[in-house]
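Structural characterization, general
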Amino acid sequence: MSYFAGKIVKLKALREDTRFQNEARRAVRSGRELLAAIFRLVLIVGISYVILGPMIGIVASSFFSNSDKLSPVVYLIPQNPTLQRYIRAYQLLDYWKVLGSMLVYVVTLTLIQIAVCSLVGYGFARFQFPLKKFLFACVIIVIVIPLHSIMLPLYMTFRQFDPLGLMTLFAGGPINLMTRTAPMYIMTIFGCGLRSGLYIYIFNQFFRGLPKEIEEAAFVDGAGTFYTFLRVMIPNAMPSIITVAIFSLVWQYNDIFYANLFNISNNVIISKKLNTLNLSLAGPPDQILDPGIRALYVYAGIILMILPMILIYVILQKRFIEGVERSGIVG
Amino acid sequence: MIGQKTKKLTTFTLSRRRAFTGLLFVSPFIVGFVWFYLRGIIMSIQFSLSDMTTQGLGYSLEYVGLKNYRYAFFEHPGFRQTLTSSVVDMVIDVPLIIFFSLFIAIILNQKFRGRTVARAIFFLPVLLNSPLINGVLTDVRNMMIGGVTATPSTMTEEATSVGIGVSYYVELLGDIALPNNILGYIVDAVARINSIVTSSGVQIIIFLAALQSIAPSLYEVAKIEGATPYETFWKITFPMVSPLIVTNMVYTVVDSFQRSGVLDFVYTTMFGIDNSYQMGAVYSLVSMVAVCGILLIATTAVSKRTFYQN
């Protein structure tokens, strides 16, 4: 009995000891943090697997040799790994040349997108003008409309390109812009490129979220509207610019709809080139008749195709984080 | 020339001048919209109201009134079903994706090791979202689940013999008197985890950008004033992110519609066996009106609770 009584007294003393209390509180807090970290880890790893699972499959299969592909015991880890798939896919894709022209195409379009859409988004966010609501509804329509429904009219516009009769005036008749990249550039300059509506919307929302005071300060200091836009609003909108840049790069890179509609050359659009890979492997000189083996080359091609995008994303993402400091609205 | 212009402008009142500048900012879009979209939509409406015969590069139209629409709604076997199932899918998916992506964005915005890698992984589905790759991914996903040799039938046999039955857990939840419709929604949500994860990459990025644009001083103030994390979330994070919730909702509605069966339906009608452009125009116009209606309802409901600086 007395033994337990002694214990209880000791416990009471402990409870009153402030140092012990502090330590207990710290232990609870760190325990809670640990729990949160474990929860976060489990969540992220779990969801990452959902995303990465098929990717792991593709990467692993792209190293399979023929015997690995046919062997029933091989699962994910090849017995005789080979780089043959990559080498052949690299040759057939004409990798550096196609990738180079693709990147020029995508990057220039992205720059135009950012310039045009930020201007338009700013116009919608900060100015009052007649028909504003109606015009903004038009932006929503551009986002929402299924592109298939204006496909034929678009095709006809650029097949016989003759805006306001200008081409008839200077070139003596409508010109055919098919198989070129020009239609995409023209559409993007006029704010109707690939998902431009969404970028306008993002910029609009972002500019609306910025406080008006910084602009008013610039205005009071005598800055013109365009100067304010360039020097005050654009630096503040850096996070949204990076966001739009990433989206535009990626979607333009993956776009197949416009590439097919305007019949842009395979040597510019890498995903179209990749589409031809399967077919050209079946013919001479490769003569690979097993579709399963051909798929391995396609896997390697896919890896080659998405690698630059992943690289660009990782690079831009660092700027994306830096964007926080540069967006310093206050201080 | 420029000097003259500014002289003329200075006679405007400030608000008229601002209106003019605003229109100038927006003008590229107006030109593009009229040139590509308005013209395209008007032509599509024309097509949908007529019988169309193509000859070479040209085509001829014969006005038939609402005949094509009547056919789509009352005679075509699949159209109404495809449309309603897409709309239902959308209604289920959109709130799930919004909550999921906000949740993930908040987690990815915390500081922990491997954050950059985690962010890159969550954005991967967006990088891979091309028709060709999607097809390959489905094949590989099946391979990963089944192994190379396992066939689907052996998989299900194993599952039943081990006794893993999803229905058991569903019944368990039903026994604790969870309302059936909520239960159905939860089960649906769990079954959709794959599609939800792969289709919320964009939303996560948009939310991340929004979270990062919140001034840190706001959090400092809240901390000094003694706000709990819970209060900080509802009083600072959520209102500051709310304009982007509307953006994300618009994006999610449109995206889930474009992934749904309706667009395939339109495409096959136009370029498949039917090869009828006028019916394709009908379907795409109807689906466009449906999406616009849903967006209108959803955004008006949400924007009332949205916080804007001005």
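Residues numbered from 1 in each chain as written. Chains lettered and ligands numbered in written order. Predicted model: local features only at pLDDT ≥ 70, side-chain atom pairs only at ≥ 80, totals over all residues. Heavy atoms only, no water.

**Topic: the overall build of chain B**
Put simply, the rule is: Segments assigned H or I by DSSP are reported as helices when at least four residues long, segments assigned E as strands when at least two residues long, and all are numbered from the N terminus. Only protein chains enter the accessibility calculation, which uses a 1.4 Å probe. A residue is then buried if its area is under 20% of the maximum for its type, exposed if over 50%, and partly exposed in between. Whether two residues touch is decided by their heavy atoms; if any such pair falls within 4.5 Å, the residues are in contact. Residue-level accessible areas treat just the shown protein chains as cover; the underlying method is Shrake-Rupley with a 1.4 Å probe.
In terms of helices and strands, chain B carries 15 helices and two strands. Taken across its 310 residues, chain B has 44% of its residues classed as buried. In chain B, 65% of the contacts between residues at least 6 apart in sequence involve partners at least 24 apart. Carbon and sulfur atoms provide 65% of the accessible area of chain B, an area that totals close to 17100 Å².

**Side note on helix α12 (residues 225-236) of chain A**
To keep things clear, this is the line we draw: To estimate how far a helix should extend, the number of its residues minus one is multiplied by 1.5 Å.
The terminal C-alpha atoms of α12 of chain A, which comprises twelve residues, lie 15 Å apart, in line with the 16 Å expected from a rise of 1.5 Å per residue. Contact partners of the buried residues in α12 of chain A: α5 (95-126), α10 (196-209), α11 (213-220) and α13 (238-254) of chain A together with α2 (14-48) of chain B.

**Here we look at the interface of chain A and chain B**
Note the cut-off: Take the accessible area each of two parts loses on contact, using a 1.4 Å probe, and add the two losses: that sum is the buried area. Side-chain atoms alone can form a polar contact between residues adjacent in sequence; in general such a contact is a pair of N or O atoms within 3.5 Å, and within protein one must be able to donate a hydrogen while the other accepts it. The residue classification treats Ala, Val, Leu, Ile, Met, Phe, Trp, Tyr, Cys and Pro as nonpolar and Asp, Glu, Lys and Arg as charged. All others, Gly included, are polar.
Of the residues lining the interface, 105 residues belong to chain A; the matching set on chain B comes to 96 residues. Together, the buried faces of chain A and chain B total about 9100 Å²; carbon and sulfur atoms form 78% of this surface. The tally of links from chain A across to chain B stands at five residue pairs in polar contact (both at pLDDT 80 or more). The element best represented in the side of chain A that touches chain B is helix α2 (residues 18-61) of chain A, accounting for 17 residues. Across the side of chain A that touches chain B, the residue classes break down as 79 nonpolar, 20 polar and six charged.

**What to know about the domain arrangement of chain A**
Residue and element names in this part refer to chain A. Short version of the rule: For each domain, the first and last residues come from an automatic or database assignment.
Splitting chain A by domain gives domain 1 (2-61) and domain 2 (93-326). Using only C-alpha atoms to locate each centre, domain 1 and domain 2 end up separated by 46 Å. At the interface, four residues of domain 1 touch four residues of domain 2. Both sides of the domain 1 and domain 2 interface together cover about 370 Å² of buried area, and 89% of this is carbon and sulfur. Counting the surface domain 1 buries against domain 2, the share from its top three residues, Met55, Ile58 and Ser61, is 91%.

**Notes on the pattern of salt bridges**
Rule in force here: Salt bridge, as used here: a side-chain nitrogen of Lys or Arg that lies within 4 Å of a carboxyl oxygen of Asp or Glu.
Considering all chains together, one arrives at three salt bridges over all chains under this definition. Across the pair Asp94 of chain A and Lys97 of chain A runs a salt bridge whose closest N-O atoms are separated by 3.9 Å. A salt bridge links Lys67 of chain B to Asp51 of chain B, with the shortest nitrogen-to-oxygen separation between them at 3.5 Å. Remark: Asp51 of chain B occurs in strand β1 (residues 50-55) and Lys67 of chain B occurs in helix α3 (residues 67-75); sequence separation between them is 16 residues. Classification of Lys67 of chain B as partly exposed rests on a relative accessible area of 39%.

**Focus: the confidence of the model for chain B**
Residue and element names in this part refer to chain B. Let me state the cut-off plainly: Per residue, pLDDT captures the predictor's confidence, and it can take any value from 0 to 100.
With 83% of its residues at a pLDDT of at least 70, chain B reaches an overall mean of 77. For chain B, helix α7 (residues 152-162) is the element with the lowest average pLDDT, namely 40, and helix α12 (residues 216-224) is the one with the highest, namely 89. Taken as a whole, residues 147-164 scores under 50 in pLDDT and shows eight contacts with residues more than four places along the chain or in a different chain. Scored by ipTM, the complex comes to 0.79, with pTM at 0.77.

**So, empty space enclosed by the protein**
We apply this condition: Think of a 1 Å grid over just the protein atoms. A cavity is a set of points where a 1.4 Å probe fits yet cannot get out, a pocket is an open set with protein on both sides within 12 Å along at least five of seven lines, and lining residues have an atom within 4 Å of a point. Grid points are joined across faces, edges and corners, and a volume is the space filled by probe spheres set on the points.
Tallied over the full model, the rule gives two cavities of 30 Å³ or more. Taken as a whole, the largest cavity encloses approximately 50 Å³ of empty space. For the largest cavity, the full set of lining residues is Trp251 of chain A together with Val126, Asn129, Thr198, Ser199, Gly201, Val202, Gln203, Tyr251, Asp255 and Arg259 of chain B. Looking at the lining of the largest cavity, the elements that each hand over two or more residues are α11 (201-212) and α13 (229-259) of chain B. Looking at the lining of the largest cavity, its residues break down into four nonpolar, five polar and two charged. For the second largest cavity, the calculated volume is near 30 Å³. Along the walls of the second largest cavity sit Val144 and Pro146 of chain A together with Val254, Phe257, Gln258, Leu263 and Val291 of chain B, which together make up its complete lining. Sort the elements by how many residues they give to the lining of the second largest cavity and α13 of chain B lands first, with three residues.

**Here we look at α11 of chain B**
For α11 of chain B, built from twelve residues, the straight-helix expectation of 16 Å at 1.5 Å per residue is met to within 8% by its first-to-last C-alpha distance of 17 Å. Counted residue by residue, α11 of chain B has twelve buried out of twelve residues, so it is predominantly covered.

**A look at the nonpolar core**
Put simply, the rule reads: As used in this record, nonpolar core signifies buried Ala, Val, Leu, Ile, Met, Phe, Trp, Tyr and Cys residues forming a set joined through side-chain atoms within 4.5 Å.
By size, the foremost hydrophobic cluster in this structure holds 180 residues, and its most contacted members are Phe158 and Tyr258 of chain A. Summarising the domain contributions, this core has at least three residues from each of domain 1 (2-61) and domain 2 (93-326) of chain A.

**Side note on the packing of aromatic side chains**
Under the convention used in this document: Only rings of Phe, Tyr and Trp enter the pairing, Trp through its six-membered ring, and a pair is recorded when the two centres are within 6.5 Å. The plane angle decides the type: under 30 degrees is stacked, over 60 is edge-to-face, the rest tilted.
Under the defined criterion, the tally for this structure stands at 38 aromatic pairs over all chains. For the ring pair Phe124 of chain A and Phe129 of chain A, a centre distance of 6.1 Å and an interplane angle of 45° mean the geometry is tilted. Grouping residues by exposure puts Phe124 of chain A and Phe129 of chain A together as buried. Between Phe190 of chain A and Trp35 of chain B the ring centres are 5.7 Å apart and the planes differ by 70°, which places this aromatic pair in the edge-to-face class. Taken as a pair, Phe190 of chain A in the loop between α9 (182-189) and α10 and Trp35 of chain B in helix α2 lie in two separate chains rather than in one. Look at Phe190 of chain A and you get partly exposed, because its relative accessible area is 25%.

**Digging into the side chain of Ser271 of chain A**
Mapped onto the elements of the fold, Ser271 of chain A is located in helix α15 (residues 270-282). For Ser271 of chain A, a relative accessible area of 1% translates into the label buried. Aside from chain neighbours lying at most four places away, what touches Ser271 of chain A is Tyr253, Asn254, Asp255, Ile256 and Met305 of chain A together with Leu132 of chain B.

**As for the packing of helix α7 (residues 151-159) of chain A against α2 of chain B**
The criterion, for reference: Lines fitted to C-alpha atoms define the axes, with helix axes restricted to the stretch in contact, and inter-axis angles between N-to-C directions lie between 0 and 180 degrees. Here the word oblique covers every angle except those under 35 degrees (roughly parallel), over 145 (roughly antiparallel) and from 65 to 115 (roughly perpendicular). By convention the crossing between two helices is left-handed if the near helix lies anticlockwise of the far one by an angle smaller than a right angle, and right-handed if it lies clockwise.
Axis separation between α7 of chain A and α2 of chain B bottoms out at 8 Å; the angle between their running directions is 125°. Overall, the two elements α7 of chain A and α2 of chain B adopt an arrangement that is oblique. Our pair here, α7 of chain A against α2 of chain B, has a crossing hand that is right-handed. On α2 of chain B, the residues touching Leu152, Pro153, Leu154, Met156, Thr157 and Phe158 of chain A of α7 of chain A are Trp35, Phe36, Arg39, Gly40, Met43 and Phe47 of chain B.

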